[in-house]
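Structural overview for review
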There are 2 protein chains.
Amino acid sequence: MTDLYAETIAAWTGLAAVGRSLVEEIERDLKAADLPPLGWYDALLEIERAAPDGVRPHDLGARLLLPQYGASRLLDRMVRAELIVKKTCYTDGRGQWIFITEQGRKMRQRMWPVYEAALRRNLQERLSVSELESLAALTKKLRATT
Amino acid sequence: MTDLYAETIAAWTGLAAVGRSLVEEIERDLKAADLPPLGWYDALLEIERAAPDGVRPHDLGARLLLPQYGASRLLDRMVRAELIVKKTCYTDGRGQWIFITEQGRKMRQRMWPVYEAALRRNLQERLSVSELESLAALTKKLRATT
DNA sequence: CGATTTTAGATGCAGACGCATGTATGTGGT
DNA sequence: ACCACATACATGCGTCTGCATCTAAAATCG
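This is a predicted model, so every value here is computed, not measured.

As a further point, take the packing of helix α2 (residues 38–50) of chain A against helix α5 (residues 102–124) of chain A. Residues and elements named next belong to chain A. In contact at an axis separation of 10 Å, α2 and α5 are set at 130 degrees when each is read in the N-to-C sense. Compared by their axis directions, α2 and α5 come out oblique. Crossing handedness for the pair α2 and α5: left-handed. Facing Leu-38, Trp-40, Tyr-41, Asp-42, Leu-44, Leu-45 and Glu-48 of α2, the residues of α5 in contact are Gly-104, Arg-105, Met-107, Arg-108, Met-111, Trp-112 and Tyr-115. When grouped by side-chain class, the residues that make up the contact of α2 with α5 number nine nonpolar, one polar and four charged.

Turning chain B through 180 degrees and shifting it by 0.0 Å along the axis lays it on chain A, with an RMSD of 0.1 Å. When the rotation and shift are considered jointly, the pair of chain copies conforms to a two-fold rotation axis. Interface overlap between copies is the fraction of interface residues in one copy that are interface residues in the other; for chain B against chain A it reaches 100%, indicating a shared surface.

This brings us to the packing of aromatic side chains. A full pass over the atoms with the stated rule returns six aromatic pairs over all chains. Aromatic rings pair up to connect Tyr-41, Trp-112 and Tyr-115 of chain A into one cluster. We note Lys-87 of chain B situated over the ring of Phe-99 of chain B; from NZ or CZ to the ring centre the distance is 5.4 Å.

Let us look at the protein's contact with DNA strand C. Close to DNA strand C lie 19 residues, the nearest being Tyr-69 and Arg-77 of chain A together with His-58, Ser-72 and Arg-94 of chain B. Among all atoms of DNA strand C positioned within 4 Å of the protein, those belonging to sugar or phosphate total 62%. The side chain of Arg-94 of chain B places a nitrogen or oxygen atom 2.7 Å from a base oxygen of DNA strand C. Broken down by secondary-structure element, the contributors of at least two residues to the surface near DNA strand C are α4 (68–80) of chain A together with α3 (57–63) and α4 (68–80) of chain B. Among the elements that line the surface near DNA strand C, the one with the most residues is α4 of chain B, at four residues. The residue inventory of the surface near DNA strand C, partitioned by class, reads four nonpolar, six polar and nine charged.

On to the environment of Ile-9 of chain B. Structurally, Ile-9 of chain B can be placed in helix α1 (residues 6–32). Separated by 28 residues in sequence, Ile-9 of chain B and Pro-37 of chain B have C-alpha atoms that sit 30 Å apart. The residues touching Ile-9 of chain B, leaving out its near neighbours within four places in the chain, are Trp-112 of chain A together with Leu-4 of chain B.

Listed by partner, the interface residues are 49 residues for chain B and 50 residues for chain A. In total, about 4,900 Å² of surface goes out of reach between chain B and chain A, with carbon and sulfur atoms giving 69% of it. Looking at the side of chain B facing chain A, the largest losses of area belong to Trp-12, Arg-126 and Leu-142 of chain B, adding up to 15% of the total buried there. Here chain B is connected to chain A by two salt bridges. Put simply, chain B and chain A have 12 residue pairs in polar contact (both at pLDDT 80 or more) between them. Looking at side-chain class alone, the side of chain B that touches chain A contains 28 nonpolar, 10 polar and 11 charged residues.

Rules of the game
- Residue numbering note: each chain is counted from 1, following its sequence as written.
- Lettering of chains starts at A and numbering of ligands starts at 1, both following the order in which they are written.
- Where totals are concerned, whole chains, interfaces and linings use all residues; where local detail is concerned, this predicted model gives features only for residues with pLDDT of at least 70, and gives and counts side-chain atom pairs only at 80 or more.
- Values reported for side chains reflect all heavy atoms of the structure, with hydrogen atoms and water molecules removed beforehand.
- Angles here are taken between N-to-C directions and fall from 0 to 180 degrees, while the axes themselves are lines fitted to C-alpha atoms, restricted in helices to the stretch in contact.
- The helix count covers DSSP runs of H or I at least four residues long, the strand count covers runs of E at least two residues long, and both are numbered beginning at the N terminus.
- In this scheme, roughly parallel covers angles under 35 degrees and roughly antiparallel covers those over 145, while 65 to 115 is roughly perpendicular and the rest are oblique.
- For any helix crossing, the convention is left-handed if the near helix is rotated counterclockwise from the far helix by under a right angle, and right-handed if that rotation is clockwise.
- Residue contacts are defined here by distance: any two heavy atoms, one from each residue, within 4.5 Å place the two residues in contact.
- Residue polarity follows a fixed list, in which Ala, Val, Leu, Ile, Met, Phe, Trp, Tyr, Cys and Pro are nonpolar, Asp, Glu, Lys and Arg are charged, and the others, Gly among them, are polar.
- A least-squares superposition brings the copies together, and it is based on the C-alpha atoms of residues with pLDDT no lower than 70 in both.
- Put simply, two rings from Phe, Tyr or Trp (the six-membered ring, in Trp's case) pair if the centres are within 6.5 Å, and we call them stacked under 30 degrees between planes, edge-to-face over 60, tilted for the rest.
- In our convention, an over-ring charge means Lys NZ or Arg CZ found within 6 Å of a ring centre and within 35 degrees of that ring's normal.
- Throughout, the term near means that a residue has one or more heavy atoms lying within 4 Å of the molecule or strand in question.
- Pairs of N or O atoms are called polar contacts if they sit within 3.5 Å, as long as, within protein, a hydrogen donor faces a hydrogen acceptor (for residues adjacent in sequence, only side-chain-to-side-chain pairs).
- Two parts placed together each lose some accessible area; with a 1.4 Å probe, that loss summed over both constitutes the buried area.
- Any Lys or Arg side-chain nitrogen found within 4 Å of a carboxyl oxygen on Asp or Glu counts as a salt bridge.

Quick look at the structure:
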């Protein structure tokens, strides 16, 4: 078993630091604009895409890489905020179907410009298109079979 | 203001997904080995490097990208676990100096193989050295002036 | 020196997370 | 039909986080 290369460490520390600080910046910006946290954006997008059929919480959790209880509670909060609705599933008595509400669509639309601006400032303005492409390719390679 | 490129989105989603799932995997492995969370590793390393002079909590927080209260409470837990000690600072009555203990060194040594193995499996075995280099270079570019 | 401002660090509170478990429904084997 | 097991989702408990605020000790300035 060979040792870790210095390049591996550098890649990891870079990856971790960039990921964390960008997430934190986006969260700050959203909060400053009185908007919900970043995780809600992805959830709203996923749920919106699933319309008009709806999504099951379990599937949604898998797509968002959330633990089961994480999805359960996130959806709970979003229901309380009236951004989504839960409907009981008649074909499976254990299940629920999740749908976005009109308020939910509006909220996602309000969140996007903030999110987009942070991505533009921190990624698009700092890297060329080919650099963005290689970053995307590298991360894709890292995600395969993880 | 131009729109976001698809490449920007792909780079960001990839970056975020890889970062998150790798952190989660490392945390799982550490927990499975009955070891403290990942954040403790970085803190222990930083504190060990600062020996024998010690570090001030404020400086440490800055290096670890933690908010002030985050550093305060992390150090608190680590003192309770007897991995570090706080000594009152005589040149500045408000301050503290942090030192690693022998137990702290041992703990860091026990954590490293777990951490290292995850990095090897997820980064080193999936990318070539030149790919690791370009990932490191790209993330470095993204950190400048953030 | 005395008054104001800045800095180091701690902490109460409310909300979120991880873990384990609970409840209810579905599925497969005999 | 029955029983064992699996799946979908919720939740109690303890820990951790973010926010705001507090205390105490410099540092700055008139």
